[in-house]
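These are the residues of each chain, in order.
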Amino acid sequence: MDAVTLINSGNNFIKDVAAGKQISGALTKTGQLYTWGRCGRNSILGYGPLENDDSSEDDINVAQPIPRAIVELKNVITFDFGIDHAAAVTSSGQLHTWGEGKFAQLGLSDLKPRISPTMVTFPDTVSIFDVACGARFTVCVTRGGNVFSWGVGTLGQLGHEDKRRQQVPKQIVALSDIQKVSCGQDHAIALDRSGTIY
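Anyway, here's the lowdown on the structure attached to this text. (Residues numbered from 1 in each chain as written. Predicted model: local features only at pLDDT ≥ 70, side-chain atom pairs only at ≥ 80, totals over all residues. Heavy atoms only, no water.)

A sheet is described by the order of its strands in space; here 4 strands give the open sequence β9-β10-β11-β12, paired in antiparallel fashion. Lying at the two open borders of the sheet, with one neighbouring strand each, are β9 (128-133) and β12 (166-171). Strand-to-strand twist of the sheet, defined as the mean angle between neighbouring strand axes without regard to direction, takes the value 15 degrees. Bridge count for β9 against strand β10 (residues 137-142) is 5 bridges, and the pairing is antiparallel. Looking at the pairing, Ile 128 lines up with Thr 142 of β10. (Pairing = 2+ DSSP bridges. Helix = DSSP H or I, 4+ residues; strand = E, 2+ residues; numbered from the N terminus. Axes fitted to C-alpha atoms, helices over the stretch in contact; angles between N-to-C directions.)

Before going further, it helps to examine the pairing of strand β7 (residues 95-99). Burial analysis of β7 places 5 of its 5 residues in the buried class, which makes it a mostly covered element. Side chains Leu 95, Thr 97 and Gly 99 project from β7 onto one buried face, and the interleaved His 96 and Trp 98 project onto a second face that is buried too. Relative to β7, strand β6 (residues 85-90) runs antiparallel, the two being bridged by 5 bridges. For Val 89, the partnering residue across the bridge sits in β7 and is Leu 95. Pairing analysis gives 3 bridges linking β7 to strand β8 (residues 114-119), with the strands arranged antiparallel. Directly across from Thr 97, in β8, lies its bridge partner Thr 118. (Buried < 20%, exposed > 50% of the residue type's maximum accessible area, 1.4 Å probe, protein only.)

Read these as geometric descriptors, not functional statements.
Listed below in structure tokens is the structure:
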């Protein structure tokens, strides 16, 4: 067996990649997101098994061995994976999440899982620019430099005064003028436009 495997991207120029617990993703220059890896119940691939797949929806060991496009998402500019959820930002400033939702990591009005990308609701003037996923939480940056977070907050990873679970996006009031966020398993880091790290 080879130590390195070439992934054929065809005529698609890949501009970004990311790896999660049991998933990989590649983003093309044209904004199409491809994923591959574990599939099945509460899949974080962004789609369920193919129609001709004889695996059960409950079989969590089904694999998508080759890159497959998430056809519902267009014009993606960035994406990330948590342990069992994923998020992607489109050029129009919309944020979509999918995967397991029982810890509020999707930022939706319920705790249900989503197999397909679902748009997260923000106030009308908010346009999302960057996103990062932790183990059971999500953080995003607006084009105006504000930061929102949601999900599990028991270790302070959401950046809010209280450390409770936050089901829908809540602005981190202590942060402004942020340009980039990143998440570890249970912590987050933010970089502002002056080069200061929080």
